[in-house]
Amino acid sequence: MPKDVIASNNVNKGVSVRKAKFLENTALFRCPICKNEMGARDFKSIVCLKGHCFDIARTGYVNFLQRADKTGYDEGLFYSRNIVSESGLFDPMLRCISGMISSKVTKSSGKSAMILDAGCGEGSQLGKIINDLHSSGIGKVQGVGIDISKEGITMASKAHFGIIWCVADLTNFPLMNEQFDVIINILSPSNYEEFARVLKDDGILIKVVPGNSYLKELRDIFYGEANKREYSNQKVIDNYRRNFRVLDIQTVKYNKVVDKNELSHIIAMTPLSWTVTHEKIAQAYDAGIDRITADFTIIKGAKKGR
Ligand SMILES: [Zn+2]
């Protein structure tokens with residue numbers, strides 16, 4: 001495959017910058033069907049040695065799924081999550097992640113540090129982290145965001161220029177082995193086998209899980225007095241420990257003042273509200289909640305045996 005030719009000529013050929021980002025990084029990808037390496041074709045798709053071909057969408061993402069999966073996430077939900085993210089609810093947590101990445105990435109030299117967001121949703125969190133890293137002047141970083149939701153990735157690709165976005169299955173990343181310096185996995189399911197495969201041997205995995213008090217104002221209303229027992233993330237942490245060597249665990253907990261509009265988007269974005277009745281949701285709207293608790297546990301780890 002003439003990857004080098006494509007990389008140097010794509011601007012002259014009138015290929016959009018969004019597509020060019022993909023075409024220049026084809027070496028990162030492996031075919032999700034036959035696991036062979038991939039290259040560019042006609043400046044508009046990437047194709048493997050056996051001819052499995054995936055088009056680059058106009059906004060610059062690639063859909064690697066064989067068929068559309070129902071995820072429970074729809075466009076409205078991502079729209080709400082995006083508004084909540086832009087309002088800053090996650091910012092202190094994201095800054096903590098950026099800090100962990102900075103201390104790792106400054107040690108690497110030369111080439112771009114590669115950062116994968118596994119389960120990136122509508123992409124605002126990876127977007128903020130990459131912006132943080134760029135403004136802290138730590139050198140070149142390249143973000144790659146993967147999510148199973150086409151709606152999420154479409155939004156991400158429209159909003160965040162310069163990041164590589166893919167629709168793909170977390171159990172079968174369309175990525176070559178040992179490509180990433182950092183994997184982040186925020187409030188999203190994990191596939192440790194795939195994480196270990198695509199992470200470089202000296203790479204780090206940063207996983208964020210909800211802390212005991214995350215959105216407790218909503219939990220209290222949705223689940224009532226009988227269920228005030230605190231939610232525990234210990235099982236998730238134990239599972240992480242079985243798969244990766246834990247280097248650091250940080251708790252980031254804070255309150256954020258919210259108005260009615262923000263509250264409605266927080267309710268709309270959270271899986272908590274999927275399982276409760278309309279009455280409970282109405283109750284939450286009317287309860288006069290004016291601040292929300294954010295509480296995250298951030299686990300940093302390395303591959304076992306390293
Ligand atoms: Zn193939």
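Residues numbered from 1 in each chain as written. Predicted model: local features only at pLDDT ≥ 70, side-chain atom pairs only at ≥ 80, totals over all residues. Heavy atoms only, no water.

Digging into the coordination of the zinc ion
The reference angle at a metal is 109.5 degrees if four donors form a tetrahedron and 90 or 180 degrees if six donors form an octahedron. Every protein donor of the zinc ion is accounted for by Cys 31 (SG), Cys 34 (SG), Cys 48 (SG) and His 52 (ND1), and the metal-donor separations fall at 2.0 to 2.3 Å. Given 4 donor atoms and angles of 105 to 115 degrees at the metal, the environment of the zinc ion is assigned as tetrahedral. Summarised as a motif, the one-chain spacing of the donors to the zinc ion is C-x2-C-x13-C-x3-H. Highlighted residues: Cys 34 in the loop between α2 (17-23) and β1 (38-41) and Cys 48 in strand β2 (residues 45-48), separated in sequence by 14 residues. Just as Cys 34 is buried, Cys 48 falls in that class too. (Donors = N, O, S within 2.8 Å, 3.2 Å for Na, K, Ca; no water. Tetrahedral: all angles 85-135°; square planar, octahedral: opposite > 155°, others 65-115°. Helix = DSSP H or I, 4+ residues; strand = E, 2+ residues; numbered from the N terminus. Buried < 20%, exposed > 50% of the residue type's maximum accessible area, 1.4 Å probe, protein only.)

Regarding the pattern of salt bridges
Enumeration according to the criterion identifies 7 salt bridges in this entry. Between Lys 128 and Asp 91 there is a salt bridge, with its nearest N and O atoms 2.8 Å apart. Note that Lys 128 is positioned in helix α5 (residues 124-135) and Asp 91 in helix α4 (residues 91-105), a separation of 37 residues in sequence. Residue classification places Asp 91 among the partly exposed residues on the basis of a relative accessible area of 22%. Asp 202 is the salt-bridge partner of Lys 104, the closest N and O atoms lying 4.0 Å from each other. With Lys 104 in helix α4 and Asp 202 in strand β9 (residues 199-210), the pair connects residues that are 98 residues apart, well separated along the chain. The class for Lys 104 is buried, based on a relative accessible area of 17%. Looking at Asp 202, the relative accessible area reads 48%, which means it is partly exposed. (Salt bridge = Lys/Arg side-chain N within 4 Å of Asp/Glu carboxyl O.)

Some details on the confidence of the model for the chain
Residues with a pLDDT of 70 or more make up 89% of the chain, whose mean pLDDT is 88. The weakest mean pLDDT in the chain belongs to helix α1 (residues 3-9) at 39; the strongest belongs to helix α7 (residues 192-198) at 98. (pLDDT = per-residue confidence, 0-100.)

Quick notes on the sheet that holds strand β6 (residues 141-147)
Strands sit in the order β4-β7-β6-β5-β8-β9-β11-β10 across an open sheet of 8 strands; the sheet is mixed. In this open sheet, the two edge strands, each paired with only one partner strand, are β4 (61-63) and β10 (244-257). On average, each strand axis in the sheet is tilted by 20 degrees relative to the strand beside it, whichever way the strands run. Relative to strand β11 (residues 291-303), β10 runs antiparallel, the two being bridged by 13 bridges. (Pairing = 2+ DSSP bridges. Axes fitted to C-alpha atoms, helices over the stretch in contact; angles between N-to-C directions.)

Observations concerning the nonpolar core
Formed by 54 residues in total, the largest nonpolar core has its most connected members in Met 93, Ile 97 and Ile 101. At 7 residues, α4 tops the list of elements feeding residues into this core. Residues Ala 118, Leu 199, Ile 237 and Ile 299 belong to the second largest nonpolar core, which totals 36 residues. (Core = buried A, V, L, I, M, F, W, Y, C linked by side-chain atoms within 4.5 Å.)

Re the side chain of Thr 293
Within the element layout of this structure, Thr 293 appears in strand β11. Residue classification places Thr 293 among the buried positions, given a relative accessible area of 7%. Polar contacts involving the side chain of Thr 293 include one to the side chain of Glu 217, which spans 2.5 Å. Sequence-distant contacts of Thr 293, that is, excluding residues within four places in its chain, are made with Ser 213, Tyr 214, Leu 215, Lys 216, Glu 217, Lys 253, Tyr 254 and Asn 255. (Polar contact = N/O pair within 3.5 Å; in protein donor to acceptor, adjacent residues only side chain to side chain. Contact = heavy atoms within 4.5 Å.)

Digging into the packing of helix α3 (residues 75-86) against α5
Where α3 meets α5, the axes come as close as 10 Å, and the angle between the chain directions of the two elements is 30 degrees. Put simply, α3 runs roughly parallel to α5. Within the contact between the two elements, α3 uses Arg 81, Asn 82, Ser 85 and Glu 86 and α5 uses Ser 124, Gln 125 and Lys 128. For the contact of α3 with α5, the class distribution of residues is no nonpolar, 4 polar and 3 charged. (Parallel < 35°, antiparallel > 145°, perpendicular 65-115°, else oblique. Nonpolar A, V, L, I, M, F, W, Y, C, P; charged D, E, K, R; others polar.)

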